[in-house]
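Listed below, chain by chain, are the residues.
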Amino acid sequence: MKFSAVSQTLSRWAGSPRTFYAAVALILLWSLSGPYFHYNDTWQLIINTSTTIITFLMVFLIQNTQNRDNDILHIKIDELLRASKDAQNAVLSLDGLDRKELERLRKEYRSIGSSDKVSLNSSCGATADDAAQTKTDLNQA
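The following refers to the structure shown. Being a predicted model, the structure only gives us computed values, none of them experimental.

1. Let's talk about the layout of surface pockets
Of the voids in this model, the largest pocket is the one considered here, and its volume is about 490 Å³. Looking at the largest pocket, it is lined by 17 residues, and the ones nearest its centre are Thr19, Ala22, Ala23, Leu26 and Ile54. Counting residues per element, the ones that place at least two in the lining of the largest pocket are helix H1 (3-14), helix H2 (17-32) and helix H3 (41-83). Of the residues in the lining of the largest pocket, the class split is 14 nonpolar, three polar and no charged.

2. Quick notes on the pattern of salt bridges
Counted according to the given criterion, the structure contains two salt bridges. Among the ionic pairs, Arg106 bridges to Glu103, the shortest N-O distance being 3.9 Å. Remark: Glu103 and Arg106 occur in helix H4 (residues 99-114); sequence separation between them is three residues, near one turn of the helix. Looking at Arg106, the relative accessible area reads 48%, which means it is partly exposed. Residue classification places Glu103 among the partly exposed residues on the basis of a relative accessible area of 30%.

3. Focus on the packing of aromatic side chains
Under the definition given, this model contains five aromatic pairs. When the ring of Phe20 is compared with that of Tyr21, the centres are 5.8 Å apart and the planes differ by 65°; the resulting orientation is edge-to-face. The exposure classification of Phe20 matches that of Tyr21, with both residues exposed. Plain terms: the ring middles of Trp30 and Trp43 are 4.0 Å apart, the flat faces sit at 5° to each other, and that makes the pair stacked. Remark: Trp43 occurs in helix H3 and Trp30 occurs in helix H2; sequence separation between them is 13 residues. Linked through ring pairs, Trp30, Tyr39 and Trp43 together constitute an aromatic cluster.

Criteria and cut-off values
Residues numbered from 1 in each chain as written. Predicted model: local features only at pLDDT ≥ 70, side-chain atom pairs only at ≥ 80, totals over all residues. Heavy atoms only, no water. 1 Å grid on protein atoms, 1.4 Å probe; cavity = no way out; pocket = protein on both sides within 12 Å on 5 of 7 lines; lining within 4 Å. Points joined across faces, edges and corners; volume = space filled by probe spheres on them. Helix = DSSP H or I, 4+ residues; strand = E, 2+ residues; numbered from the N terminus. Nonpolar A, V, L, I, M, F, W, Y, C, P; charged D, E, K, R; others polar. Salt bridge = Lys/Arg side-chain N within 4 Å of Asp/Glu carboxyl O. Buried < 20%, exposed > 50% of the residue type's maximum accessible area, 1.4 Å probe, protein only. Phe/Tyr/Trp six-rings, centres within 6.5 Å; stacked < 30°, edge-to-face > 60°.

Set out below in structure tokens:
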């Protein structure tokens, strides 16, 4: 069985309400057993070690699931961009850009959003009037 399938299954299981309630019950049982063990170092070591191990393993499961979900989201957005006739296909390949280039693009899109004109580059001369016309056309359809 592939790691991604196992991590997806375990992530669904770990994120369920039943698992949360089971964890709360285990912690409650551990705390109630304190007087029986006289709150000694071994009693404390049990909870510390078990929570550390579980946390360490969950980091990998959560990261795998998050990476998978992120990839799925990117693919969906890429498909929406590809299908939209007004979208710039150049933004489909942003993964290869470094942090400075991404920040430059982010500033450019912020300025586009705050200006009256909607122009993504020199070859795409869409203005706010064109966008308003597109919205009107969509509303009539």
